[in-house]
2 protein chains.
Amino acid sequence: MRNTVAKTEILNLIKSSNQAFSHAEIEAKLEGLCNRVTIYRVLERLEEEGQIHKFVNINGVLKFAACHDCTDHHHDHHAHFNCTSCGTVTCLEEVEPVYKVPKKYKVQEVNFTLSGLCPNCC
Amino acid sequence: MRNTVAKTEILNLIKSSNQAFSHAEIEAKLEGLCNRVTIYRVLERLEEEGQIHKFVNINGVLKFAACHDCTDHHHDHHAHFNCTSCGTVTCLEEVEPVYKVPKKYKVQEVNFTLSGLCPNCC
DNA sequence: AATCTATTGCAACACTGTTGCAAATATAAA
DNA sequence: TTTATATTTGCAACAGTGTTGCAATAGATT
Ligand SMILES: [Mn+2]
Ligand SMILES: [Mn+2]
Ligand SMILES: [Zn+2]
Ligand SMILES: [Zn+2]
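Being a predicted model, the structure only gives us computed values, none of them experimental. Residue indices follow the written sequence of each chain, beginning from 1 at its first position. All chains are assigned letters beginning at A, and all ligands numbers beginning at 1, according to the order in which they are written. The model is predicted, so local features are restricted to residues of pLDDT at least 70 and side-chain atom pairs to those at 80 or more, both for listing and for counting; the totals for chains, interfaces and linings are taken over all residues. Excluding hydrogens and water, the side-chain values take into account all heavy atoms of the structure.

Colleague: Looking at this structure, I do not really get the relation of the copies chain A and chain B. What am I missing?
Modeller: One copy of the chain maps onto the second through a rotation about an axis and a displacement along it. Copy-to-copy superposition: least squares on the C-alpha atoms, limited to residues that have pLDDT of at least 70 in both copies. If you rotate chain A by 180 degrees and push it 0.0 Å along the axis, it lands on chain B with an RMSD of 0.0 Å. Expressed as a symmetry operation, the mapping of one chain copy onto the other fits a two-fold axis. Using C-alpha coordinates, one finds that chain A approaches the rotation axis most closely at Gly60(A), a distance of 2.0 Å. Most of the interface of chain A is mirrored in chain B, where 100% of its interface residues again form contacts. Two residues form a contact once any of their heavy atoms are found within 4.5 Å.

Here it is in structure tokens:
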């Protein structure tokens, strides 16, 4: 996979923040640096490289966040918190839900999203 | 709130199944009984009446399910399971995630969605 | 510098969900 | 039963998210 201006900028943006970004937010921050389709494709590549992870936010929209403490294959096991006041979405990497499904189910993927008030808005 | 043909049919459909339905699935089953916008509005009304609850599926699309054992105000606290093989989405009303967020956060809403293989597909 | 292949831009599209407004209809009142 | 009225519906139009095909462009390698 090649490194390009768009890829570098998008990765910088995401890595420089502890927030998760939606496609629309990234597009706004980049201010016309590249086409919106490119953003989607770059995000896909960054995810394949294991540099970012994505998840479905509580409103159904995809969010992308840097991988910090994420261990290899369970990028998506931790909780994500959506503040209803300031709108920010944060990885709570230390928060993992404990649950028990009937043993006839085989769980492969987990999405655990919370919303409410973040520390800044409480 | 008035009872109408559309409302009755949609409620029957949802109540007669233990699966959760998307708007598109309901539209397909109703076979032109009413306009698609009406379906959205009926679903909204049924939710206000407490007869159904909605949640964001693991793919970001809204799903609607009947309220059976749902207790009053936490329709959305239980888990939902999306089978990657047969595509069905089921309420796991007995499955509630246990978690602990840093006390500076105030949680208001929870979305907990699992995907994998259901008992029929295991 | 030339080559090759991955990446990009563009246009077009599918899908989900929402809104305004006029017409239709369920329900309550006469 | 008929009338009045407020709710519900259909339609058209729209916004937002995400995807695809294809030709043009630009990284990387030689
Ligand atoms: Mn995360
Ligand atoms: Mn449910
Ligand atoms: Zn906040
Ligand atoms: Zn299944």
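Colleague: What is the right way to look at the protein's contact with DNA strand D in this model?
Modeller: We call a residue near a given molecule or strand whenever any one of its heavy atoms falls within 4 Å of it. Inspection of the region around DNA strand D gives 20 residues, with Arg36(A), Thr4(B), Thr38(B), Arg41(B) and Arg45(B) positioned closest. Near the protein, meaning within 4 Å, the atoms of DNA strand D are sugar or phosphate in a fraction of 55%, with bases accounting for the rest. Arg41(A) is positioned with one of its side-chain polar atoms (N or O) 3.5 Å from a base oxygen of DNA strand D. Among the secondary structure elements, those contributing two or more residues to the surface near DNA strand D are helix 3 (36-48) of chain A together with helix 3 (36-48) of chain B. Helix numbers and strand numbers start at the N terminus; a helix is a DSSP run of H or I with at least 4 residues, a strand a run of E with at least 2. Top contributing element to the surface near DNA strand D by residue count: helix 3 of chain B, with five residues. As used in this structure description, the phrase polar contact means that two N or O atoms lie within 3.5 Å; if the pair is within protein, one of them must be able to donate a hydrogen and the other to accept it, and residues adjacent in sequence are counted only when both atoms belong to side chains.

Colleague: Just checking my understanding: could you explain the side chain of Asn57(B) for this structure?
Modeller: By secondary structure assignment, the location of Asn57(B) is in the loop between strand 2 (52-56) and strand 3 (62-66). Setting aside its immediate chain neighbours within four residues, Asn57(B) contacts Val56(A), Lys63(B), Asn82(B), Val89(B) and Thr113(B).

Colleague: What is the right way to read the sheet that holds strand 2 (residues 52-56) of chain A from this model?
Modeller: Strand pairing within a sheet occurs via backbone hydrogen bonds; the two strands may be parallel or antiparallel. All names here are of chain A. Across the sheet, three strands lie side by side as 1-3-2; this open sheet has antiparallel pairing. The open sheet is flanked by strand 1 (21-22) and strand 2, the only strands paired with a single partner. Looking at chain direction, strand 1 and strand 3 (residues 62-66) are connected through two bridges and run antiparallel. Bridge pairing in strand 3 links Ser22 to Lys63. Whether two strands pair depends on DSSP finding at least two bridges between them.

Colleague: Explain the interface of chain A and chain B here, please?
Modeller: Quoted interface sizes are often the accessible area lost when the parts come together. Facing 35 residues of chain A, the contacting portion of chain B comprises 35 residues. Accessible-area loss on putting two parts together, using a 1.4 Å probe and summing over both, is the definition of buried area adopted here. Here chain A packs against chain B, burying approximately 2700 Å² in sum over the two surfaces, 65% of which is carbon and sulfur. Per-residue buried area on chain A facing chain B is highest for Tyr105(A), Asn111(A) and Pro119(A); these three make up 19% of the total on that side. Counting across the interface, chain A meets chain B through nine residue pairs in polar contact (both at pLDDT 80 or more). Secondary structure elements with two or more residues in the side of chain A that touches chain B: strand 5 (89-92) and strand 6 (106-117) of chain A. For the side of chain A that touches chain B, the element with the most residues is strand 6 of chain A, which contributes 12 residues.

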